[in-house]
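# A structural walkthrough
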Amino acid sequence: MFSRGPSVRIEGSAKADKAVCPDCGVSSARVHSRYQRRLCDAAAGGQEVLVELRVRRFFCDSSCCERKTFAEQVPGLTDFATRRGHTRSR
Ligand SMILES: [Zn+2]
């Protein structure tokens, strides 16, 4: 018997206490908020993969930056989901 739903579950969060603003490159440690992203994806082989990602939003402290807050990127996980979402090959 197989249960329905994702068969692979990955939990992730960034280990660093700082994140770098993608616009100006200044790092910030002031956390604005936290939220959880759930990325669901069908991986090769037809297996459902669920990625539960705890992401933080930081304030950008640079006065010359137009971006006031930014969400951190988790290397390997947010990349992974973005890349997979764009490539639909069979
Ligand atoms: Zn910035």
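Residues numbered from 1 in each chain as written. Predicted model: local features only at pLDDT ≥ 70, side-chain atom pairs only at ≥ 80, totals over all residues.

A few words on the environment of cysteine 64. Inspection of the secondary structure assignment puts cysteine 64 in the loop between strand E5 (48-59) and strand E6 (69-71). The exposure class assigned to cysteine 64 is exposed, which follows from the 6 C-beta atoms found within 10 Å. (Helix = DSSP H or I, 4+ residues; strand = E, 2+ residues; numbered from the N terminus. Buried ≥ 20, exposed ≤ 12 C-beta atoms within 10 Å, placed from the backbone.)

Pairing geometry for strand E1 (residues 8-13) and E5, over six bridges, is parallel. Note on E5: the bridge partner recorded for serine 13 is arginine 54. Pairing of E5 with E6 involves three bridges; the strand directions are antiparallel. Along E6, the bridge assignment pairs arginine 57 with alanine 71. (Pairing = 2+ DSSP bridges.)

Counting five residues, the largest nonpolar core is built from Ala19, Cys21, Phe58, Cys60 and Phe70. In contact with cysteine 60, not counting residues within four places along its chain, are Cys21, Cys24, Val26, Ser28, Cys65, Arg67, Lys68, Thr69 and Phe70. (Core = buried A, V, L, I, M, F, W, Y, C linked by C-beta atoms within 7 Å. Contact = placed C-beta atoms within 7 Å.)

A word on the pairing of strand E4 (residues 31-42). By the criterion of burial, E4 is predominantly exposed, with just zero of the twelve residues buried. Note: E4 against E5, eleven bridges, orientation antiparallel. Residue pairing for E5: arginine 38 is matched across the bridge by glutamate 52.

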